Amino acid sequence: MKSLIKKLVETVGPSGYESKIREVIRGEVEGFADEIQVDAMGNLIIKKGEKKEGGLRVMLSAHIDEIGVMVTHVDKNGFARFTTIGGVRPHTCYGSRVRFLNGSAGVIGGERLENANHVHTIESMYIDLGASNPEDCPVKVGDVAAFDRPFEDLGNRVISKAMDDRVCSAILIETLKLVKNSPHELFFVFSTQEEVGLRGATTAAYAIDPDLGIAADVTMSGDTPRGIKMDISLGKGPAIKVKDGGMLADPRLVDAMVQCAVKHKIPYQMEVLLGGTTDAKAMQISRAGMPAGCVSVPTRYVHTPSEMVDINDVNNAVKLLSALISEPIKLV
Ligand code: CO
Ligand code: ZN
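Bear in mind that the values here come from a model prediction, so they are computed numbers and not experimental data. Residue numbers here run from 1 along each chain, matching the order of that chain's written sequence. Each chain takes a letter, starting from A, and each ligand takes a number, starting from 1, following the order in which they are written. Only residues with pLDDT of 70 or above have their local features reported here, since the model is predicted, and side-chain atom pairs are shown and tallied only from 80 upward, although totals for entire chains, interfaces and linings are computed over all residues. The basis for the side-chain values is all heavy atoms of the structure; hydrogens and waters are excluded.

Participant: I'm lost on the sheet that holds strand β17 (residues 307-310) in this one. Help?
Facilitator: Hydrogen bonds along the backbone pair up the strands of a sheet, which may run parallel or antiparallel. One open sheet holds the three strands; their spatial order is β10-β11-β17, and the pairing between them is antiparallel. Edge positions in the sheet fall to β10 (152-153) and β17, since each has one partner strand and no second. For two strands to pair, DSSP has to find at least two bridges joining them. Note on conventions: DSSP H or I runs of at least 4 residues are helices, E runs of at least 2 residues are strands, and numbering of each starts at the N terminus.

Right, here's the structure in full:
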């Protein structure tokens with residue numbers, strides 16, 4: 001699992017530019033799919049199995065895009081100004097390395113701060129690619145980059161950029177490999193452009209028109225010094241979403257997930273997240289609506305270049321999802 005996560009997180013793929021990561025994932029899933037499709041939005045859709053007695057048409061979704069930056073201007077001294085792709089916070093930027101799709105690397109610097117305790121605005125920062133003029137600069141207006149940090153293995157805990165949501169891409173890959181006799185017609189969607197507004201999942205849900213939607217994404221945790229007030233800790237199991245900033249999970253599906261975890265003795269936590277949302281929101285309100293929910297991986301330092309997860313939560317999320325979709329899902 002760790003080597004799969006490393007492979008996925010270290011691939012560059014900001015929103016809208018997911019072709020590299022999609023090909024990496026396609027390579028992992030090819031032998032396990034009944035049908036493979038890439039739609040106009042770049043979603044990788046893997047179909048597996050047919051609907052049998054008691055089965056549903058189920059869409060599972062994990063997004064393969066990551067937050068990043070896009071060049072808006074290269075000045076006469078070769079410094080590249082940038083805008084953000086997705087929820088990049090200014091205080092995570094200064095001193096960070098970025099890697100462009102063409103392989104070029106740079107460091108984010110900033111104009112002198114009047115007060116060293118203040119944080120740079122995005123507008124007052126730039127990417128230094130080692131160039132002295134625009135001609136030297138290996139990137140141009142419109143080029144995109146992701147944060148660049150290697151995968152770090154601390155034992156139970158692992159750190160990297162883009163754990164959001166490559167860790168759940170790994171979870172869906174492993175779930176796909178594990179599920180053998182499902183009564184459901186399963187669609188594993190590796191979705192695009194989640195970080196800029198759930199765009200890939202929106203069109204995928206419309207096209208697939210499932211009976212039920214389940215997202216897999218990261219959530220935050222409340223277990224760090226003077227952190228956010230949230231009853232989620234790393235290592236206590238995958239989180240079953242009840243609510244986030246964009247949706248109320250279908251309570252019947254929440255119950256089905258809880259009962260499944262209890263039955264299979266899988267540790268779990270209940271998630272109430274105040275901000276943010278996932279592909280589950282897009283699925284829930286697609287067409288005439290559908291029951292939808294989300295299995296989340298507790299994550300520290302979300303949307304920084306060093307997101308941390310507990311590998312036991314990751315493995316237990318695979319167990320929970322594969323158990324859930326291997327049996328009839330009764331929504332009562
Ligand atoms: Co995110
Ligand atoms: Zn995410």
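Participant: Would you take a moment to explain the layout of surface pockets for this structure?
Facilitator: If a probe as big as a water molecule is rolled over the atoms, it shows which places are left empty. Think of a 1 Å grid over just the protein atoms. A cavity is a set of points where a 1.4 Å probe fits yet cannot get out, a pocket is an open set with protein on both sides within 12 Å along at least five of seven lines, and lining residues have an atom within 4 Å of a point. Grid points are joined across faces, edges and corners, and a volume is the space filled by probe spheres set on the points. Its boundaries defined by the atoms lining it, the largest pocket holds a volume of some 620 Å³. Taken together, 31 residues form the lining of the largest pocket, with Arg-89, Met-220, Gly-276, Val-302 and His-303 sitting closest to its centre. If you tally residues by element for the lining of the largest pocket, the top one is strand β13 (residues 212-219), at three residues. Domain start and end points were adopted from an automatic or database domain assignment. Formed jointly, the lining of the largest pocket draws a minimum of three residues from each of two domains, domain 1 (2-66 + 161-325) and domain 2 (68-147).

Participant: Could you clarify how one ought to interpret the environment of Glu-194 in this entry?
Facilitator: For Glu-194, the location among the structural elements is in the loop between β12 (185-191) and α4 (199-208). The exposure class assigned to Glu-194 is buried, which follows from its relative accessible area of 6%. The contact criterion used throughout is that any non-hydrogen atoms of two residues lie within 4.5 Å. If near-sequence neighbours (up to four positions away) are discounted, Glu-194 is found in contact with His-63, Asp-65, Asp-217, Thr-277, Thr-278 and Asp-279. Side chain to side chain, Glu-194 and His-63 meet in a polar contact 3.2 Å long. When a residue's accessible area, from a 1.4 Å probe over protein chains only, is under 20% of the maximum for its type it is buried; when over 50% it is exposed; and in between it is partly exposed. We define a polar contact as two N or O atoms separated by no more than 3.5 Å, with the added condition that, inside protein, one atom must be a possible hydrogen donor and the other a possible acceptor, whereas residues neighbouring each other in sequence contribute only through side-chain atom pairs.

Participant: In this structure, what is going on with the packing of aromatic side chains? I would like to understand it.
Facilitator: Two aromatic rings, drawn from Phe, Tyr or Trp (for Trp, its six-membered ring), form a pair once their centres lie within 6.5 Å of each other, and the interplanar angle then sorts them: stacked below 30 degrees, edge-to-face above 60, tilted otherwise. Applying the stated criterion to the full structure yields one aromatic pair. Only Lys NZ and Arg CZ are tested; either one counts as a charge over a ring when it is within 6 Å of the ring centre and within 35 degrees of the ring normal. Lying over the aromatic face of Tyr-206, Arg-287 brings its terminal NZ or CZ to 4.0 Å of the ring centre.

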